[in-house]
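Fold and contact review
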Amino acid sequence: MELLLRNMNDTQRSEYVYTVQQRIAELARERPDECFTALNHYLTVDWLKAAYERVKPDSAPGVDGQSWSSYGKDLEENLLGLIQRVKDGSYFAPPVKRVHIPKGEGKETRGIGMPTIEDKVLQRAIAMLLEPIFEQDFKSFSYGFRPGRSAHEALACIWSQCTNQRIEWILEVDIRKYFDTLKKAWLGRFLDRRVRDGVIRRLMGKWLHAGVWDKGQLSYPEDGTPQGGVISPLLSNVYLHEVLDGWFVEEVLPRMKGRVFLARFADDFIVGFQKKEDAEKVYRVLFKRFEKYGLSLHPEKTRLVPFGRPEETKEDRTQGPKPGTFDFLGFTHYWGKSRQGRWTIRRKTMRKRFTRGLKAMSQWCRENLHEPLRQQVELLGRKLKGHFGYYGLTGNYESLRRFRWEVMKIWRKWLARRGDPKGMTWERMHKLLNFFYLPEARVIHSIFTAKP
């Protein structure tokens, strides 16, 4: 009975959150120039419980070491205390623990911030209030960290635009250390246009100025928002909406002579052009545009790429300039022949992502070397399914098949080090694989058209 009542309460709570968000979204849509000044009254225990339920139970603890489950043992009491501190202004944003993960093939790493569980709950609660407002403002070509949108939709948009709109040039853009360099002062001005609730803005100011705990040292960065914070994706979208998206629609598009499109996923974006003169014009002003707001583009990684459809002579030979390739969202995009012999845009796993994935698999095999074989197979299978779930695009089967084969070789190498006198010959390995199933490479996403 208690479980039934709890489930009913959870359902009612979800319906309540949905109803409030719909009402906020409706007001934001009807009044695009209006600023919201009274939102904090929605921060109730039920609202925070809904936020707690949306935090992943396996979330890594922050500087206080508290886990999701331990915080939930006295959830009602903890949330009541949290609301009181938020409303009276005594809430203190704890430092964010930073860990470093490999970024590519070299020694370069990306710093990921890990707030405390309580901070994650509160950030999620605020994001649930602000998201319906800014979703009414965000452009259709922005796909990253937005409800109902995905990286695969951004990839579909690119395929559709380049194929159907006769796009000839791609501007591939790389923002240098975006999350570490966005200016807090500019972000505050952008938020002022839509949200001026004192309680919420005070909280966001505390999060932006919270310290960073990195390798035993506490620092207070002048700029940026830590990657890993629950509120950070929304804030990053607000920033680039003002710096890039709105500017593109209002200032760039009216000045173009040919067709142009933009596809953005968080801080990764490309711009496609039909005419080279349009591409060169935008390329020249883009650096200054970002510098105005404290951001910088990588001069070598930001480049114009010829990407027109190859033309053929009657002898079935390609003539004219050879199209280049560009990378976006983990895939290398290039022109290739379909099975029917027609030119089409193809995607394959980026070399860096391929290599990074194999290194991660090797590290996992080493750390789990002496675990039971059945357990290793089950977890390896999940990891392979996850890889196929993202990279399983039409035309990328060969990369998927090769990735699975390399994983099998890596696993065999580490199994051979378990100390078994018989070793791990390929004959034994094949018998093992016949007994323990590993998922086959498979294409999951057939992406050729984008949603309207």
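Before going into details, it helps to say that this report is about the structure given with it. (Residues numbered from 1 in each chain as written. Predicted model: local features only at pLDDT ≥ 70, side-chain atom pairs only at ≥ 80, totals over all residues. Heavy atoms only, no water.)

1. Comments concerning the sheet that holds strand S12 (residues 331–337)
Backbone hydrogen bonds are what pair the strands of a sheet, in a parallel or an antiparallel way. Rule in force here: Strands qualify as paired when DSSP identifies two bridges or more between them. Secondary structure follows DSSP: runs of H or I at least 4 residues long count as helices, runs of E at least 2 residues long count as strands, and numbering of each begins at the N terminus. Axes here mean lines fitted to C-alpha atoms, for a helix over just the part in contact, with angles spanning 0 to 180 degrees between N-to-C directions.
Read across the sheet, three strands follow the order S11-S12-S13 without closing on themselves; strand pairing throughout is antiparallel. Each of the sheet's edge strands pairs with one partner strand only, and the pair in question is strand S11 (326–328) and strand S13 (343–349). On average, each strand axis in the sheet is tilted by 40° relative to the strand beside it, whichever way the strands run. One ladder, built from seven bridges, connects S12 with S13; its direction is antiparallel. If you follow His-333 over to S13, its bridge partner there is Arg-347.

2. Looking at the nonpolar core
Threshold: Working definition of a nonpolar core: buried Ala, Val, Leu, Ile, Met, Phe, Trp, Tyr and Cys residues. They are joined through side-chain atoms within 4.5 Å. Partly exposed residues are those whose accessible area sits between 20% and 50% of the maximum for their type, while under 20% is buried and over 50% is exposed, using a 1.4 Å probe and protein chains only. Note on definitions: a residue-residue contact is assigned when non-hydrogen atoms from the two residues lie within 4.5 Å.
Grouped together as the largest cluster of nonpolar side chains are 81 residues, with contacts concentrated most on Leu-130 and Phe-290. Ranked by residue count, the leading element in this core is helix H5 (residues 117–134), at 11 residues. With residues near it in sequence (within four places) discarded, Leu-130 still touches Leu-39, Val-195, Ile-200, Met-204 and Leu-234.

3. Describing the environment of Gly-72
Locating Gly-72 in the fold gives a position in helix H3 (residues 68–72). Among the residues examined, Gly-72 registers a relative accessible area of 25% and is labelled partly exposed. For the pair Gly-72 and Glu-427, spaced 355 residues apart in sequence, the C-alpha separation works out to 50 Å.

4. Here we look at a nonpolar patch on the surface
Our working definition: The patches described consist of residues with a relative accessible area above 30% and no salt bridge, like charges being joined within 9 Å and nonpolar side chains (Val, Leu, Ile, Met, Phe, Trp, Tyr) within 5 Å. Under the convention used here, a 1.4 Å probe and the Shrake-Rupley method define accessible areas, while residue burial counts only the protein chains that appear. Between Lys or Arg on one side and Asp or Glu on the other, a salt bridge is scored when a side-chain nitrogen of the former is within 4 Å of a carboxyl oxygen of the latter.
On the surface, Val-63, Trp-213, Leu-218 and Tyr-220 cluster together into a nonpolar patch covering about 390 Å² of accessible area. Given a relative accessible area of 55%, Tyr-220 falls into the exposed group.

5. Quick word on the sheet that holds strand S3 (residues 169–173)
Reading across the sheet, the four strands line up as S6-S7-S3-S8 and stay open at both edges, with antiparallel pairing between neighbours. What marks the edges here is a single partner per strand, and that holds for strand S6 (260–265) and strand S8 (303–306). Each adjacent strand pair in this sheet contributes to an overall mean axis angle of 20°, direction not counted. Note that S6 and strand S7 (residues 268–273) share six bridges and pair antiparallel. Across the sheet, the residue bridging to Ala-263 is Ile-270, located in S7. With respect to the sheet, helix H6 (residues 151–164) is in contact with S3, S6 and S7, its orientation differing from that of S6 by roughly 165°.

6. Comments concerning helix H11 (residues 276–292)
To be explicit about the condition: What a helix is expected to span follows from its residue count: subtract one and scale by 1.5 Å. We define the bend at any residue as the angle between the axes fitted to the seven residues before and including it, ending there, and the seven starting there.
With 17 residues, H11 should cover 24 Å at 1.5 Å per step; its first-to-last C-alpha distance of 25 Å lies within 8% of that length. The largest bend in H11 is about 30°, located at Val-285. The complete set of buried residues in H11 reads Asp-278, Ala-279, Val-282, Leu-286, Phe-287, Arg-289 and Phe-290. Buried-residue contacts for H11 involve S3, helix H10 (232–252), S7 and S8. One or two positions beyond H11, positive phi appears at Gly-294, with a value near 80°.

7. Digging into the pairing of S3
Counting buried residues in S3 gives five out of five residues, a clear majority hidden from the surface. Alternating positions in S3 separate into two faces, Trp-169, Leu-171 and Val-173 on one and Ile-170 and Glu-172 on the other, with burial throughout. Of the pairings in the sheet, the one linking S3 to S7 comprises five bridges and is antiparallel in character. Within the sheet, the bridge partner assigned to Val-173 lies in S7 and is Phe-269. Both S3 and S8 contribute to a ladder of four bridges, which runs antiparallel. Counted as the bridge partner of Trp-169 is Pro-306 from S8.

8. Examining the side chain of Ser-399
Within the secondary structure, Ser-399 is located in helix H14 (residues 397–415). Setting aside residues up to four positions removed in sequence, Ser-399 forms contacts with Lys-348, Thr-349 and Phe-354.

9. Here we look at the packing of aromatic side chains
Which entries qualify depends on this criterion: Side-chain rings of Phe, Tyr and Trp, where Trp is taken by its six-membered ring, are said to pair if the distance between their centres is within 6.5 Å; with planes under 30 degrees apart they count as stacked, over 60 as edge-to-face, and otherwise as tilted. Two conditions define a charge sitting above a ring: the NZ of Lys or the CZ of Arg must be within 6 Å of the ring centre, and it must be within 35 degrees of the ring normal.
Applying the stated criterion across every chain yields a total of 23 aromatic pairs. With a centroid separation of 6.3 Å and 35° between ring planes, the pair formed by Tyr-42 and Trp-47 is classed as tilted. For Trp-47, a relative accessible area of 0% translates into the label buried. Arranged with centres 5.9 Å apart and planes meeting at 50°, the rings of Phe-190 and Tyr-293 form a pair that is tilted. One end of the pair, Phe-190, is in helix H8 (residues 184–192); the other, Tyr-293, is in the loop between H11 and S8, and 103 residues separate them in sequence. Accessibility assignment for this pair places Phe-190 and Tyr-293 in one class, buried. Among the aromatic residues, those joined into a cluster by ring pairs are Tyr-178, Phe-179, Trp-186, Phe-190, Tyr-239 and Tyr-293. Arg-402 extends its terminal NZ or CZ atom over the ring of Phe-354, reaching a point 4.2 Å from the ring centre.

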